[in-house]
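# Structural characterization, general
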Amino acid sequence: MPDPARRDADILHEALHTNIDLKAVTEVICCRTPSQLLHLKHLYVSLFGVYLEHDIQSQTSGDHEKFDQRLVEQDAKALYKAGEKRLGTDETTFRNIFGERSRAHMATVSSAYQNTNKSTLRKVILAFFLYS
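Throughout what follows, the structure given in this document is the object of discussion. The model shown is predicted, which means the values in this text are computed figures rather than measured ones. (Residues numbered from 1 in each chain as written. Predicted model: local features only at pLDDT ≥ 70, side-chain atom pairs only at ≥ 80, totals over all residues. Heavy atoms only, no water.)

Glancing now at the overall build of the protein. From N to C terminus, the protein includes eight helices and zero strands. Seen in sequence order, the protein has helices and strands lined up from the N terminus as α-α-α-α-α-α-α-α. A burial count over the protein gives 30% of its 132 residues as buried. Expressed as a percentage of contacts within the protein between residues at least 6 apart in sequence, the contacts between residues at least 24 apart total 63%. (Helix = DSSP H or I, 4+ residues; strand = E, 2+ residues; numbered from the N terminus. Buried < 20%, exposed > 50% of the residue type's maximum accessible area, 1.4 Å probe, protein only. Contact = heavy atoms within 4.5 Å.)

Where helix α3 (residues 34–48) meets helix α4 (residues 52–59), the closest approach of the two axes is 8 Å, and the angle between their N-to-C directions is 85°. By the angle between their directions, the pair α3 and α4 is classed as roughly perpendicular. For the pair α3 and α4, the contacting residues are L40, K41 and Y44 in the first and L52, E53 and D55 in the second. Tallied by class, the residues present in the contact of α3 with α4 amount to three nonpolar, no polar and three charged. (Axes fitted to C-alpha atoms, helices over the stretch in contact; angles between N-to-C directions. Parallel < 35°, antiparallel > 145°, perpendicular 65-115°, else oblique. Nonpolar A, V, L, I, M, F, W, Y, C, P; charged D, E, K, R; others polar.)

All right, on to the environment of Q57 then. Looking at the element boundaries, Q57 is found in helix α4. Taking the C-alpha atoms as reference points, Q57 and L16, separated by 41 residues in sequence, lie 9.9 Å from one another.

This model, assessed by the stated rule, comprises zero disulfides. Unpaired in this structure, C30 has its nearest cysteine sulfur neighbour in C31, at a distance of 6.6 Å. Classification of C30 by relative accessible area gives partly exposed; the value is 45%. When its relative accessible area of 52% is taken as the criterion, C31 is described as exposed. (Disulfide = S-S within 2.5 Å.)

With that settled, the discussion passes to the pattern of salt bridges. Within this structure, the stated rule accounts for seven salt bridges. Two residues, R7 and D8, come together in a salt bridge whose shortest N-O distance is 3.6 Å. Assessed through its relative accessible area of 38%, R7 is described here as partly exposed. The class for D8 is buried, based on a relative accessible area of 5%. As a salt-bridge pair, R101 and E100 come within 3.5 Å of each other at their nearest N and O atoms. (Salt bridge = Lys/Arg side-chain N within 4 Å of Asp/Glu carboxyl O.)

Under the defined criterion, the tally for this structure stands at three aromatic pairs. Look at Y80 and Y113: their rings are 6.4 Å apart centre to centre, the planes differ by 55°, and that puts the pair in the tilted class. With a gap of 33 residues between them, Y80 in helix α5 (residues 62–82) and Y113 in helix α7 (residues 103–116) connect regions that are remote in the sequence. (Phe/Tyr/Trp six-rings, centres within 6.5 Å; stacked < 30°, edge-to-face > 60°.)

Taken by themselves, the reported measurements are silent on function.
Written out as structure tokens, the structure reads:
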């Protein structure tokens, strides 16, 4: 029985090349931690000789980009509701979002947060977590 990362790599490769199952791709990618995804990406390129990102990009349409943007906006709103909008801080929401999302995703969330709110996400984090 292969280790979980190898199993994920095999599932992704089959879903992207054999039966084009974007639901399976989304499920694997969205359910892994950033460190698991990093390990998976390295393993994928060593097994199949192509970057996972390249395979995904070549097989997907703009639907996944729209999905990513919706998730970014959802996260920005959730962080606003958990921080600035309420008295006190919902630390669980902050932990869940920051713990489950990639660095690139969080950079996009930070930008979206600043575009829709008066302050930056960085200032909110400093105010609520460092000065509390």
